[in-house]
Every structure is written in structure tokens, then in C-alpha cells.
Amino acid sequence: ALTPLRIDEPTLQMRFLVNNSPFAGREGKWITSRKIEERLRAQLQTDVSLRVEDTNSPDAWTVSGRGELHLSILIENMRREGYELQVSKPEVIVRLIDGVRCEPIERVQIDVPEDSVGSIIESIGARKGEMLDMVNNGSGQVRLIFNVPARGLIGYSTEFMSLTKGFGIINHTFDSYQPEVAGKVGGRHQGVLVSMENGKSTTYGMMGIEDRGTLFIEPGTEVYEGMIVGENNRDGDITVNVVKMKQKTNIRSANKDQTNVIKKPRILTLEEALEYLGDDEYLEVTPESIRLRKQILDKNERERMAKKKKTAENE
């Protein structure tokens, strides 16, 4: 079922949207749907691998390209030029070939030190990869060749760097379209910490929740309801109050406030944030900030939609 594909044919797509968060229009110069569409159409003149399609909404477009890096470079260029927008989670483009749903498969070549081989084979196997070759030339480096579903590589580069302690080299190119692999491939396993209030994050508020997971923001960061402020240690999302102020009392303590030290937050880059996105989340990109947020900001509305979705799946 190998299907030839032009080298510039897109295999990944994302939705680009006009920013509609509570902070919309604060930091960007170009924020309207007309300006964003003009910029995307202008990119088509020089980028043969890019596709831009209209959607049912005048404020959203489906943008397809050759992988995460291709699309993240476009997003980074747009934010540097003063554009403000939102993007959805990257998804692979599934095609119907002879009535069979097929997904893109990537040929992955990895060069790693010998002591990392086991963990790399295990991590690629968990993403439904199939090993084709393994070459050990005796120099301490091992070359591994895999075929991996393209959706399994979304978000893999960060994990790969930590597994190989920065000593690994990974290259991948499109191989073919093959029948869709059953089940979930890759993706995030933990839930997120979602802000329940608008305001500025406080050290006091963040200290109260840092045991729940890893924080993505620093004290003094402006947040809004529905904005993602960290990663939960467990499955499922929880709403947290990072703007909580300490109650003032007239009792003085000599050393109480000196011990208020929080762990260093994990500040995500644009690429890491794109890899991290879940199905029900957007990445808000402005010239000055990168914010993860829920598509539905209101907690009660999110829970209502989740119940509705669960009921529909059970039927």
C-alpha cells in the first residue's frame, strides 16, 4: 500500500484563528482576520509546500505544511512581524486511498550513543514505530532506522533530547501513506493546571499548588480564567487559583516570609508549546507572549461539553 507523494505535499495541518482571548489586542499590531489572511496568502507566493484553506468561520483557516517545524517557523515569523493569533493542535492529514483510511509514515534515522539505544527503541515502540535496521560501527554511536506514523513524532523531539541527554541526532523524511495504525499514538498523558481567576499570579498562590505539578509561569504573570498555568502530576485537568493573595494579619514573624521560595517554572518555547497542545486547547501567540489556554475558558461550560461528548460516545 505504498503511495508515492510529491516531496512538497503537506502531511500536517493546524487551524489558525483570530485571537479571541481576554488579552486580545494588547500586544499585537496586526490582529484582524483580514490582516492574518493577507499574511497567509502572501506566504503561499513563496512557500510551495504550504496550503491555506477557508473554514466555516471567517476568523479561522486550515493551514497545512510539511511537519511541525515548517509551521512553527511560519508562526514565529508572523509573531516577530507583529501578528497576534491562535493556533490549534497539529494533526496529520489522513487520506482515503482505495476506500482505506491511510496516514503518513515517516522514515526516521537516529544516531545515538550505545547507552541510549534501549530507551530510544522503547520510546519509538510506544509510538507504534517499526525498526528496519540497526548499525553499530564500533565507534560508540549506533544508527537506528525506523518507520514511524507521523502523528507519533508530534512532540517527540523534546522527549528524544532528554533520553539522549542532548547527544542524539534525529532526522526524518516522508516515506509513504499506509493504512492507519489503530489506537492512540503519542500524545500527552498528564492533565493540566487551569487558572480559575483573572489577575496577576502571586508567589503565595503558586506555592499552594506547586505540589500538584509543574508550573509554566513566574510570579507576577498576568493570567485569565481558562489559561493553562502548569502541568498536573496526574491524568485530568484541575482548576487552580494562582492569583490568591496572602491574608494580612497584624502578627509579625521575623523569618516567615524569607522562606517563600518556589521551584523554578518550566517556561515553554514556541516549539515545545505546539508539541504540548491538547485536542481541546489553543496556543495564543503574540509578539511578546506565548500562552496555552483551553478552547472553552469557562469551567462550567467545559464540564458541560465534556459530559455531552461522553454521552455521545456511549451512544
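It should be noted that the structure appears before, not after, this text.
The model shown is predicted, which means the values in this text are computed figures rather than measured ones.

The rules behind the values
- Residues numbered from 1 in each chain as written.
- Predicted model: local features only at pLDDT ≥ 70, side-chain atom pairs only at ≥ 80, totals over all residues.
- Heavy atoms only, no water.
- Helix = DSSP H or I, 4+ residues; strand = E, 2+ residues; numbered from the N terminus.
- Contact = heavy atoms within 4.5 Å.
- Areas by Shrake-Rupley, 256 points an atom, 1.4 Å probe, with all protein chains shown as cover.
- Lys, Arg positive; Asp, Glu negative; His and termini not counted.
- Charge placed at Lys NZ, Arg CZ, Asp CG, Glu CD.
- Core = buried A, V, L, I, M, F, W, Y, C linked by side-chain atoms within 4.5 Å.
- Buried < 20%, exposed > 50% of the residue type's maximum accessible area, 1.4 Å probe, protein only.
- Salt bridge = Lys/Arg side-chain N within 4 Å of Asp/Glu carboxyl O.
- Polar contact = N/O pair within 3.5 Å; in protein donor to acceptor, adjacent residues only side chain to side chain.
- Pairing = 2+ DSSP bridges.
- Axes fitted to C-alpha atoms, helices over the stretch in contact; angles between N-to-C directions.
- Parallel < 35°, antiparallel > 145°, perpendicular 65-115°, else oblique.
- Left-handed = near helix turned anticlockwise from the far one by under 90°.
- Nonpolar A, V, L, I, M, F, W, Y, C, P; charged D, E, K, R; others polar.

It is worth spelling out the overall build of the protein chain at this point. The number of helices and strands found in the protein chain is 7 helices and 18 strands. Projected onto the principal axes, the alpha-carbon positions of the protein chain cover approximately 75 × 55 × 45 Å. Pairs at least 24 residues apart make up 73% of the contacts formed inside the protein chain by residues separated by at least 6 positions. A total accessible area of about 17400 Å² is found for the protein chain, and carbon and sulfur atoms account for 49% of it. Computed over 44 positive and 49 negative side-chain charges, the inter-centroid distance for the protein chain is 6 Å.

Formed by 29 residues in total, the largest nonpolar core has its most connected members in Phe16, Leu40, Leu283 and Leu292. Sorting the residues of this core by element identifies β1 (12–18), α1 (33–44), β3 (60–65), α2 (68–80), β4 (85–88), β11 (192–195), α6 (270–276) and β17 (281–285) as the ones contributing at least two each. With sequence-adjacent residues up to four places away left out, Leu40 is seen in contact with Phe16, Val52, Trp61, Val63, Leu74 and Met78.

Attention now moves to the side chain of Arg293. Secondary-structure assignment places Arg293 in strand β18 (residues 290–294). In this structure Arg293 is buried but unpaired, with Glu284 as the nearest side chain of opposite charge at 5.7 Å. For Arg293, the side chain forms a polar contact with the side chain of Asn20, separated by 2.8 Å. Side-chain polar atoms of Arg293 contact the side chain of Gln86, separated by 2.5 Å.

For the rest of this paragraph, the subject is the pattern of salt bridges. It is possible for side chains bearing opposite charge to pair when their charged atoms get close. Counted according to the given criterion, the structure contains 20 salt bridges. Put simply, Arg34 and Glu38 hold a salt bridge, and the shortest N to O gap is 3.0 Å. In this pair, Arg34 and Glu38 are both assigned in helix α1, 4 residues apart and thus about one turn of the helix distant. A salt bridge links Arg151 to Glu103, with the nearest nitrogen and oxygen atoms 2.6 Å apart. Note that Arg151 is positioned in the loop between β9 (141–149) and α4 (156–163) and Glu103 in strand β7 (residues 100–113), a separation of 48 residues in sequence. Look at Glu103 and you get buried, because its relative accessible area is 0%. Within the structure, one salt-bridge network assembled from shared partners comprises Asp237, Asp280, Glu281 and Lys294.

This part takes up the pairing of strand β2 (residues 51–54). Note that β2 and β3 share 4 bridges and pair antiparallel. Counted as the bridge partner of Asp54 is Trp61 from β3. Between the end of β2 and the start of β3, which pair antiparallel, lie 5 residues.

This brings us to the packing of α1 against α2. With their axes 12 Å apart at the nearest point, α1 and α2 run at an angle of 130° to one another. By the angle between their directions, the pair α1 and α2 is classed as oblique. Like other packed secondary-structure pairs, α1 and α2 cross with a definite hand, here right-handed. Each of Ile36, Arg39, Leu40 and Gln43 in α1 lies in contact with α2, whose residues at this interface are Leu74, Asn77 and Met78. Among the residues making up the contact of α1 with α2, the classes are represented as 4 nonpolar, 2 polar and 1 charged.

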